[in-house]
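Analysis of the macromolecular model
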Amino acid sequence: MAVVPYKDKDTSKRDQVAEMFDSISPKYDLLNHVLSGGIDILWRKRAIRELRKASSQPPKRILDIATGTGDFALEALALKPETIVGMDISEGMLSVGRDKMRKRGVDHIIEMRSGDSEGLPLPDNDFDAVIVAFGVRNFENLLKGLTDMYRVTRSGGVCVVLEFSNPRQFPFKQLYGFYSRTILPLIGRAVSKDASAYTYLPESVQAFPDGPDFLRIYEAAGFTNTKWIPLTFGVASIYIGHKR
């Protein structure tokens, strides 16, 4: 059974995820940084450095899937691309993101666009790089979403996924488990007023096929030369894949 934000509703996971992010969008950036102690910023920077190393040449067109308010897209500006398209199903998150891009004067480079990650309204072989941070575990069908990411990546392009994962080593596994199940939902509920959103987060991470399990699905979607890089004792992971 799929892990969903609102267990009392019979709507699809996609619809519930969109509703959840619409609900928490005004406080999303604040909560991200508070709940991770700001380390999510370092994770994004590391992921972009890994994209730079994995690319045969600097990517000119980048797609940021499940872009949210656009933090990962902003980090990708370090690669000096011509265009970044940030795509998300939550209009609430996109609205916050568009304001952010205008205020930073980069809205001529970063376009925030509405779209479903599992049915991207984009042509084949359109992007030099496809990136996603903390979004793939929200896919209703992970393989379908990754396969569509593969479709829009050009031959020779790179896909980089940054996602939460489950620490495997004692005692960090136990400490992180206590934090994510007990402390994180309390803080999230107090700040965002949406209790379900920050109960869903640890549940979705726990259920997500991380590490080698994710690489198997990544490869089933078509990606080759895949790589898994654990971060911060395994709290998050970077996954790299190439399209021949």
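Residues numbered from 1 in each chain as written. Predicted model: local features only at pLDDT ≥ 70, side-chain atom pairs only at ≥ 80, totals over all residues. Heavy atoms only, no water.

So, about the sheet that holds strand β1 (residues 61-65). Spatially, the 7 strands line up as an open sheet ordered β3-β2-β1-β4-β5-β7-β6, and their pairing is mixed. Each edge of the open sheet is held by one strand with a lone partner, namely β3 (110-114) and β6 (224-231). Averaged over all pairs of adjacent strands, the angle between their axes in this sheet comes to 15°, without regard to strand direction. Looking at chain direction, β6 and strand β7 (residues 236-242) are connected through 6 bridges and run antiparallel. The partner of W228 across the bridge, within β7, is Y239. The strands that helix α3 (residues 39-54) touches are β4 (127-133), β5 (153-164), β6 and β7; relative to β7, the one it contacts most, it runs at about 20°. (Pairing = 2+ DSSP bridges. Helix = DSSP H or I, 4+ residues; strand = E, 2+ residues; numbered from the N terminus. Axes fitted to C-alpha atoms, helices over the stretch in contact; angles between N-to-C directions. Contact = heavy atoms within 4.5 Å.)

Right, let's get into the environment of M87. By the element assignment, M87 lies in strand β2 (residues 83-88). Distance from M87 to I65, taken between C-alpha atoms, is 5.1 Å for residues 22 residues apart in sequence. The residues contacting M87, other than those within four sequence positions of it, are L63, D64, I65, A66, T67, R113, S114, G115, L120, P121 and L122.

Taking burial as the measure, the 7 residues of β7 include 7 buried ones, the bulk of the element. On β7, burial covers both faces: A236, I238, I240 and H242 on one face and S237, Y239 and G241 on the other are all buried. Judged from the 7 bridges that link them, β5 and β7 form a sheet pairing that is antiparallel. Bridge pairing in β7 links V160 to I240. (Buried < 20%, exposed > 50% of the residue type's maximum accessible area, 1.4 Å probe, protein only.)

This next bit is on the packing of helix α1 (residues 13-24) against helix α8 (residues 197-207). Look at α1 against α8: their axes get within 11 Å of each other, and the N-to-C directions meet at 130°. Taken together, the axes of α1 and α8 lie oblique to each other. The handedness of the crossing between α1 and α8 comes out as left-handed. Between α1 and α8, the residues in contact are K13, V17, M20 and I24 and A197, Y198 and Y200, respectively. Looking at the contact of α1 with α8, its residues break down into 6 nonpolar, no polar and 1 charged. (Parallel < 35°, antiparallel > 145°, perpendicular 65-115°, else oblique. Left-handed = near helix turned anticlockwise from the far one by under 90°. Nonpolar A, V, L, I, M, F, W, Y, C, P; charged D, E, K, R; others polar.)

Before going further, it helps to spend a moment on the UniProt feature "binding site: S-adenosyl-L-methionine" (unreviewed entry) in the chain. UniProt's feature table lists "binding site: S-adenosyl-L-methionine" (unreviewed entry) at T69, D88, D116 and S117, given in the numbering used throughout. Accessibility expressed as a relative area gives 23% for D116, which makes it partly exposed. For D116, the contacting residues outside a window of four places in its chain are R14, I89 and P121. Its location among the elements puts S117 in the loop between β3 and β4. In this view, S117 contacts I65, A66, I89, F139, G145 and D148; residues no more than four positions away in its chain are not counted. (UniProt positions renumbered as here; feature names shortened; annotations may be inferred.)

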